[in-house]
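Structure assessment
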Amino acid sequence: GNSVTQMEGPVTLSEEAFLTINCTYTATGYPSLFWYVQYPGEGLQLLLKATKADDKGSNKGFEATYRKETTSFHLEKGSVQVSDSAVYFCALTPDSNYQLIWGAGTKLIIKP
Amino acid sequence: NAGVTQTPKFQVLKTGQSMTLQCAQDMNHNSMYWYRQDPGMGLRLIYYSASEGTTDKGEVPNGYNVSRLNKREFSLRLESAAPSQTSVYFCASRTLFLDGRYSYEQYFGPGTRLTVT
């Protein structure tokens with residue numbers, strides 16, 4: 001079946017550190033991949049997406065590359081800020097299905 | 001545009017009480033969703049409505065009912081609340097096509113925090 005596995009959190013980093021949050025997936029067909037972010041007390045919002053192999057999604061300094069050979073979509077940022085503290089969710093949609101399959105979320109804490 | 005709105009923001013119920021969570025979107029989206037979010041479990045789909053007039057069960061539908069009242073509104077009803085339904089509930093919507101391409105992005109409301117005692 002379809003599933004998404006994320007690294008467990010919380011991940012705690014100092015400001016300006018390099019960030020990687022791992023995400024791997026299992027899916028049939030050719031899914032689209034997403035990273036959503038949830039700031040404290042808010043709903044989720046789309047951070048970036050990639051719809052085919054080798055695509056790189058990017059937004060707000062975050063990047064993720066769709067790697068079909070390793071079934072991964074790791075989230076990276078070169079220099080994190082305190083304002084990046086949030087919960088990050090990796091998700092996929094299996095081809096034309098209406099649903100999103102979600103990872104469990106990774107809480108990121110950035111200390112000044 | 002307000003996007004996706006949800007009411008109420010907070011609710012406390014006693015076991016056995018009923019209530020309806022309201023959701024509305026002003027983006028003319030076709031599809032709408034109800035999720036629950038529990039610690040360490042990510043988001044789990046309760047019900048969804050692919051288009052006006054249709055509803056389908058998601059991963060965890062037991063204990064819930066939904067109504068797609070019109071294209072804008074999608075409500076979630078708890079007929080007899082149980083402590084296991086204590087959670088944060090999110091409504092989301094999605095358009096099928098964006099800029100001429102098939103779209104998968106979902107837009108979320110701010111959530112309803114429900115406690116059942």
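Notes on the structure in this doc start here. (Residues numbered from 1 in each chain as written. Chains lettered and ligands numbered in written order. Predicted model: local features only at pLDDT ≥ 70, side-chain atom pairs only at ≥ 80, totals over all residues. Heavy atoms only, no water.)

Moving on to the pairing of strand β7 (residues 56-59) of chain A. Residues and elements named next belong to chain A. Sheet topology note: the β7/strand β8 (residues 62-65) ladder contains 4 bridges and is antiparallel. The residue of β8 that forms the bridge with Gly57 is Ala64. Following β7, the chain reverses through 2 residues before pairing antiparallel with β8; Lys60 in that reversal takes a positive phi of roughly 55°. (Pairing = 2+ DSSP bridges. Helix = DSSP H or I, 4+ residues; strand = E, 2+ residues; numbered from the N terminus.)

What follows covers the pairing of strand β8 (residues 74-78) of chain B. Along any regular strand the residues' side chains alternate between the sheet's two faces. Residues and elements named next belong to chain B. The buried count for β8 comes to 4 of 5 residues, which makes it a mostly enclosed element. Here 3 bridges tie strand β3 (residues 19-25) to β8, and the two strands are oriented antiparallel to one another. Its bridge partner being in β8, Thr20 is matched across the sheet by Arg77. By the bridge criterion, 5 bridges tie strand β7 (residues 64-68) to β8 in an arrangement that is antiparallel. Directly across from Asn65, in β8, lies its bridge partner Arg77. What sits between the antiparallel neighbours β7 and β8 is a turn of 5 residues. (Buried < 20%, exposed > 50% of the residue type's maximum accessible area, 1.4 Å probe, protein only.)

Many structure descriptions define interface size as the accessible area lost when the parts assemble. Of the residues lining the interface, 22 residues belong to chain A; the matching set on chain B comes to 22 residues. When residues of chain A are sorted by the area they lose upon contact with chain B, A:Tyr98, A:Gln99 and A:Trp102 head the list and together hold 36% of the total. The interface formed by chain A and chain B contains 0 salt bridges. If you look at where chain A meets chain B, you find 3 residue pairs in polar contact (both at pLDDT 80 or more). Looking at the side of chain A that touches chain B, the elements with two or more residues in it are β5 (32-38), β6 (44-50) and β10 (86-93) of chain A. The element that contributes the greatest number of residues to the side of chain A that touches chain B is β5(A), accounting for 4 residues. In terms of residue class, the side of chain A that touches chain B is built from 9 nonpolar, 10 polar and 3 charged. (Contact = heavy atoms within 4.5 Å. Buried area = accessible area lost by both parts, 1.4 Å probe. Salt bridge = Lys/Arg side-chain N within 4 Å of Asp/Glu carboxyl O. Polar contact = N/O pair within 3.5 Å; in protein donor to acceptor, adjacent residues only side chain to side chain. Nonpolar A, V, L, I, M, F, W, Y, C, P; charged D, E, K, R; others polar.)

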